[in-house]
Amino acid sequence: MKTHVKSLVVGGGAVGASIAYHLAKAGWDTMLLERDELTSGSTWHAAGLLPLFNMGYATSHIHDYSVKFYKTLEAETGLNAGFYVVGNLRMAQTQARMDEYMVYATTAESVGIPYEWMTPAQIKDRWPLVRTEDLQGAIYHPTDGYINPADVTQAMAKGARQFGAEIVRRVQVDGYRWTGAEWVVSCTRMVEKGGNLVPSEEQFEITAEHVVTATGNHAQRTARLLGIKIPAIPVEHQYIVTEPDPMLVEYRKNHPEHPVLRDADAKWYVREERGGWILGPYERNAPACFEYDVPQSFRADLFPLDLDRIEEEYMSMIHRIPSSETVGLKDDYNGPICYTPDGNPLVGPAPGLRNMWLAEGFSFGITAAGGTGHYLAQMMVQGEAEIDMAALDPKRYGSWMTTEYAARKNEECYEHVYVLHHPDEEREACRPLRTAPCYDRVKAQGAQFGCVNGWERPNYYAPQGFDDHAARSFRRGGWWQYAVDEAKAIREGVGMIDATAFTKHLVRGPGATAFLDWFTCNKLPKVGRINLTYALTQTGTTRTEYTIVRLAQDEYYLISAGAWTAYDGDYLRKAAEDKLAEFGWIDIHDVTTQWGVFAVAGPKSRDLLGRLVKDADPATVLSNKRFPWLSMRNIELGMCPVRAVRVAYTGELGWELHHPIEMQNYLFDQLMAAGADVGLKLVGARAQNWLRQEKSYRAFGNELGRDATPLEADLPRFVDMSKDFHGKTAMDQTGIRAKCCTLLIDGPADADPWGREALYEGDTKVGRLTSGGYSVVFGKSIGMGYVRPDLAVEGQKLKVRMFNQLWDATVTADSPYDPTNQNIRADG
Ligand SMILES: Cc1cc2nc3c(=O)[nH]c(=O)nc-3n(C[C@H](O)[C@H](O)[C@H](O)COP(=O)(O)OP(=O)(O)OC[C@H]3O[C@@H](n4cnc5c(N)ncnc54)[C@H](O)[C@@H]3O)c2cc1C
């Protein structure tokens, strides 16, 4: 057995085996350690379904890769993974569910996943055992199916061995120590005693340059060993297997196997199993388990079946497949299934640690294993994956996250697997948790909140008693008109947005200027000025967007997206640490929770602030001469000291008012009182999202991410090619694979795009939207997205797929609203 390897994978479930396979295939000297037997975690009892249906872009790619990869394994390893491509039929009982599938279908199209639509009559015709009279229709994925989870894991393990990986069973990892160059991993040989797996006296160390943890239900122990937080906590999940159904047996004499049937409105999936049925429900009240650890005695074990909990789903299976009524139960499985608060696994660099990679929290781990191994290996070996993996990044939860939060959110996530996933969905559990001081005040004004990185952030404002839940839709929700009114208020009068959730870092010290000059691609601003800039990955794509405010010669205030505080902080700190010797001392503080932010914007915003500002010459303090666009000044609004930054993400005359958080309510009351005279309107994030698209302002996580360079985002004005910066060469070499553009869309009368729709030229798919919404200025839908570079030209006619139809769209010039920034620069 080796004692030093390039990469060590901990955990021999489907996920660990795939990672070992892909790392070994990439040429890395790889070892996998498993404390028990391969597949003895959740993998052994999975139902093996491989659902391609997914609303997320990265996860759709991951699942798609897995399905294709699993089909190749037998030829490569000689092991049959038991892959049955039976298809997957998702049935819809309501029109809203059909809408959901249509919104999903356009994501599938962007990724290239095949699908077909079916009417109830077509379903009945093909699968007569299925009751269809109460169905609206279905979406059918012909390439879906199911696999034997243990067999596919063994096949991947064999493939890994063929590429030179060493797989060692019965070795438990008990500790990790970073020497500055490699990980020293403490191991214990495990032995069987009376049916239990227990640690032996034999202990040893293995050193590895890189470690990947794929420890499934043991993630909390892994977190403790690493001294980090991992919000992966399992929930109980059960499925039952029936005795053979005589009608099914008869039917199968002349027909192929049923596809995996999913009745999402009834919250279950069903597939055939040896003449009977497997029913897998996603029921209410499934409890979290192993919140702190997995007991040593729990091996490939199960929990007792809780039939009461799944009675409703069981009855609805009988309703949908009446022949199943008379058949008895043959088997049941109730096992731990790992979850995370948003249902996406945690894949990528571990927070705060070097060369430590996480692959934890998989709830669809059989489906995701193949793609996870592929893309994670790309990240480790090449520095970045070809798709943007940010949605899976382990740092999307900050240090505010607790065990209680993760457990309750994971239970909610499990229960939500089959609820309608409206794009404007907001989930309720564990809220409110992180609130700005003005929370009660804005709530009293009708704020309907969304949740970003745990923060409560107003989405829009509605009359008291308005039911946000009932207002959600795949089309224009009941909130739409409120967002229209708010957007108009900013274009025509003045509005105020609570932007406290913004991420803020203070970077200072003798090395700060040289470091930031290298770390970001735009020129650094002069003292008192601000710049928009990007930190790039080593492959030249966009890692983070910053508004940089230069407070003093060597002191900078960095503002970035609210959702990504830990993600941004980790990258910034690690980069600064790497460059310490070269650039000198750099002090970095996350000051997000010390500064509140109100964004005031609109033609009357200067009037509003002018009523409050204290200055020797209040009439000129906000004028262009004393306070030009893209500059920062410390001003006083009443008794509140304010770091005012003259930018507006809405593209209107405006200021971001960064203020001491403890004075937020004072400032809020002052602004509201002064605003009464000028028609100040509180505005939420949805209107802001529409307004920024009228100005072609790219959003991080939408247009900006690790799959496109700033040049592909068509932002050359923010890239200073005359200097050297991190990622520059790679960015240059990448060229322009696709280009970002803004489109005005003549879409359906009752819907706007959500930013995941496929784009066409004629019948040819040429790109996809990354943002969508409604433009109050142009009175039609708007969107931003990526298309083939030759098509990203003003006036180009394209089509957008929405609700299963192609709608006309026209590429606009950058910033279709106020292209010369006259309004933003307005003097007064
Ligand atoms: C009833 C049920 C049905 C399911 N059906 C499906 C399905 O149809 N499709 C699907 O995609 N998913 C399904 N799942 C989910 C799926 O089982 C999991 O997502 C998947 O198995 C996770 O794989 P993994 O490799 O991450 O974890 P695991 O399979 O749990 O593997 C983790 C491994 O790490 C080992 N380990 C932990 N700590 C250490 C350590 N310190 N040292 C050494 N080894 C360690 C463990 O022993 C274990 O073998 C189902 C789950 C359940 C419970």
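Residues numbered from 1 in each chain as written. Predicted model: local features only at pLDDT ≥ 70, side-chain atom pairs only at ≥ 80, totals over all residues. Heavy atoms only, no water.

1. Considering the overall build of the protein chain
Scanning the protein chain for helices and strands turns up 19 helices and 36 strands. By principal-axis analysis of the C-alpha atoms, the protein chain measures approximately 85 × 65 × 50 Å. Within the protein chain, contacts between residues at least 6 apart in sequence are counted, and of these 72% link residues at least 24 apart. Accessible area for the protein chain stands at about 29,600 Å²; split by element, carbon and sulfur atoms hold 50% of it. (Helix = DSSP H or I, 4+ residues; strand = E, 2+ residues; numbered from the N terminus. Contact = heavy atoms within 4.5 Å. Areas by Shrake-Rupley, 256 points an atom, 1.4 Å probe, with all protein chains shown as cover.)

2. A closer look at the sheet that holds strand 20 (residues 503-508)
Pairing is antiparallel in the open sheet, where five strands are placed in the order 21-22-23-20-24. Both outer strands of the open sheet, strand 21 (530-536) and strand 24 (587-590), are each paired with one neighbouring strand and no more. On average, each strand axis in the sheet is tilted by 30° relative to the strand beside it, whichever way the strands run. Pairing of strand 22 (residues 542-552) with strand 23 (residues 555-560) involves five bridges; the strand directions are antiparallel. By the bridge assignment, Thr-547 is partnered in strand 23 with Ile-559. Sheet strands touched by helix 13 (residues 512-519): strand 20, strand 21, strand 22 and strand 23. Its angle to strand 23, the strand with the most contacts, is close to 35°. Strands in contact with helix 14 (residues 565-578) are strand 20, strand 21, strand 22, strand 23 and strand 24; relative to strand 20, the strand with the most contacts, it is inclined by about 15°. (Pairing = 2+ DSSP bridges. Axes fitted to C-alpha atoms, helices over the stretch in contact; angles between N-to-C directions.)

3. Quick word on the packing of aromatic side chains
Where two aromatic rings form a pair, the distance of their centres and the angle of their planes describe that pair. Under the counting rule described, the total for this entry stands at 43 aromatic pairs. Between Tyr-460 and Phe-466, the ring centres sit 5.9 Å apart and the planes meet at 90°, which makes this aromatic pair edge-to-face. Owing to a relative accessible area of 0%, Tyr-460 belongs among the buried residues under this scheme. For the pair Tyr-460 and Trp-479, a centre-to-centre distance of 6.1 Å together with 35° between the ring planes defines the contact as tilted. Of this pair, Tyr-460 sits in strand 18 (residues 455-461) while Trp-479 sits in the loop between strand 18 and helix 12 (480-492), and the two are 19 residues apart along the sequence. Side by side, Tyr-460 and Trp-479 carry an identical accessibility label, which is buried. Here the aromatic cluster, defined as three or more aromatic residues joined through ring pairs, consists of Tyr-460, Phe-466, Trp-479, Trp-480, Tyr-482, Trp-690 and Tyr-774. The residue whose ring lies beneath Arg-271 is Tyr-146, and the NZ or CZ to ring-centre distance is 3.8 Å. (Phe/Tyr/Trp six-rings, centres within 6.5 Å; stacked < 30°, edge-to-face > 60°. Buried < 20%, exposed > 50% of the residue type's maximum accessible area, 1.4 Å probe, protein only. Lys NZ or Arg CZ within 6 Å of the ring centre and 35° of its normal.)

4. Side note on the site of the ligand
The environment of the ligand is formed by 37 residues, the closest being Glu-34, Thr-43, Phe-362, Gly-365 and Thr-367. A distance of 2.8 Å separates an oxygen atom of the ligand from a polar atom in the backbone of Gly-365. Within the complex, 98% of the 1,000 Å² of free accessible area of the ligand lies under protein. Contributions of two or more residues to the shell around the ligand are made by helix 1 (14-25), strand 2 (30-34), strand 7 (171-178), strand 10 (233-242), strand 14 (329-339) and helix 9 (365-382). Looking at side-chain class alone, the shell around the ligand contains 16 nonpolar, 18 polar and three charged residues. (Near = heavy atom within 4 Å. Polar contact = N/O pair within 3.5 Å; in protein donor to acceptor, adjacent residues only side chain to side chain. Nonpolar A, V, L, I, M, F, W, Y, C, P; charged D, E, K, R; others polar.)

5. A short note on helix 9
Because each turn of an α-helix spans 3.6 residues, side chains separated by three or four positions in sequence point in the same direction. If you check helix 9, its first and last C-alpha atoms are 24 Å apart, about what 18 residues at 1.5 Å a residue would give, namely 26 Å. Along helix 9, the sharpest change in direction is near 30° and occurs at Gly-371. By the criterion of burial, helix 9 is predominantly enclosed, with 16 of the 18 residues buried. (Expected span 1.5 Å × (residues − 1). Bend = angle between axes of the 7 residues up to and from the residue.)

6. As for the pairing of strand 2
With five of five residues buried, strand 2 is to be regarded as a mostly interior element. Burial of the side chains of strand 2 extends over both faces: Thr-30, Leu-32 and Glu-34 are buried on one face and Met-31 and Leu-33 on the other. Looking at chain direction, strand 1 (residues 4-10) and strand 2 are connected through four bridges and run parallel. Residue pairing across strands places Leu-8 opposite Met-31, the latter belonging to strand 2. In terms of handedness, the path from strand 1 via helix 1 over to strand 2 forms a crossover that is right-handed. As judged from the four bridges shared by strand 2 and strand 6 (residues 166-169), these two strands associate in the parallel manner. Residue pairing across strands places Met-31 opposite Glu-166, the latter belonging to strand 6. (Right-handed = clockwise from strand over helix to strand, strands pointing away.)

7. Remarks on the sheet that holds strand 13 (residues 276-281)
Strands sit in the order 4-5-3-11-12-13-10-14 across an open sheet of eight strands; the sheet is mixed. Each of the sheet's edge strands pairs with one partner strand only, and the pair in question is strand 4 (116-118) and strand 14. Between one strand and the next, the sheet's axes are offset by a mean angle of 20°, whatever the strand orientation. Taken together, the three bridges between strand 11 (residues 260-263) and strand 12 (residues 268-273) define a ladder with antiparallel strand orientation. Across the sheet, Arg-262 pairs through a bridge with Tyr-269, a residue of strand 12. On the sheet, helix 10 (residues 403-415) packs against strand 10, strand 13 and strand 14 and is oriented at approximately 30° with respect to strand 10.

8. Points about the pattern of salt bridges
Within the structure shown, the criterion is met by 63 salt bridges. Residue Arg-189 pairs with Glu-202 through a salt bridge whose shortest N-O separation is 3.3 Å. Of the two residues, Arg-189 sits in strand 8 (residues 183-193) while Glu-202 sits in strand 9 (residues 196-213), which places them 13 residues apart along the sequence. The partly exposed category is assigned to Arg-189, whose relative accessible area is 24%. Sharing partners across several salt bridges, the network here consists of Asp-36, Glu-37, Arg-169, Arg-170, Glu-192 and Arg-299. (Salt bridge = Lys/Arg side-chain N within 4 Å of Asp/Glu carboxyl O.)

9. Regarding the nonpolar core
Core analysis: the biggest nonpolar cluster contains 100 residues, and Ile-19, Tyr-70, Val-212, Tyr-269, Leu-376, Met-389 and Leu-743 have the highest contact counts within it. Not counting residues within four places of it along the chain, the set of residues in contact with Ile-19 comprises Val-9, Val-212, Ala-214, Ala-359, Gly-373 and Leu-376. Val-168, Tyr-176, Val-185 and Ala-223 belong to the second largest nonpolar core, which has 36 residues in total. (Core = buried A, V, L, I, M, F, W, Y, C linked by side-chain atoms within 4.5 Å.)

10. Side note on the pairing of strand 9
When strand 1 meets strand 9, the two strands line up parallel, connected through six bridges. Each residue of the ladder has a partner; that of Val-5, found in strand 9, is Ala-208. With ten bridges connecting them, strand 8 and strand 9 associate as antiparallel partners. Within strand 9, the residue paired with Thr-188 across the bridge is Gln-203.

11. Things to note about the environment of Val-294
Its location among the elements puts Val-294 in the loop between strand 13 and helix 8 (311-320). On the basis of relative accessibility, which here comes to 9%, the residue Val-294 falls in the buried class. In this structure the C-alpha to C-alpha distance between Val-294 and Ala-219, which are 75 residues apart in sequence, comes to 9.1 Å. Residues contacting Val-294, with those up to four places away along its chain left out, are Asn-217 and His-218.

12. A look at helix 12
With 13 residues, helix 12 should reach 18 Å at 1.5 Å per residue; the first-to-last C-alpha distance of 18 Å fits that figure. Of all the residues in helix 12, the buried ones are Trp-480, Ala-483, Val-484, Glu-486, Ala-487, Ala-489, Ile-490 and Arg-491. Structurally, helix 12 contributes buried residues whose contacts are with strand 18, strand 19 (495-498), strand 25 (595-601), strand 30 (681-683), helix 18 (685-694) and strand 33 (764-775).

Read these as layout, nothing more, since geometry by itself doesn't imply function.
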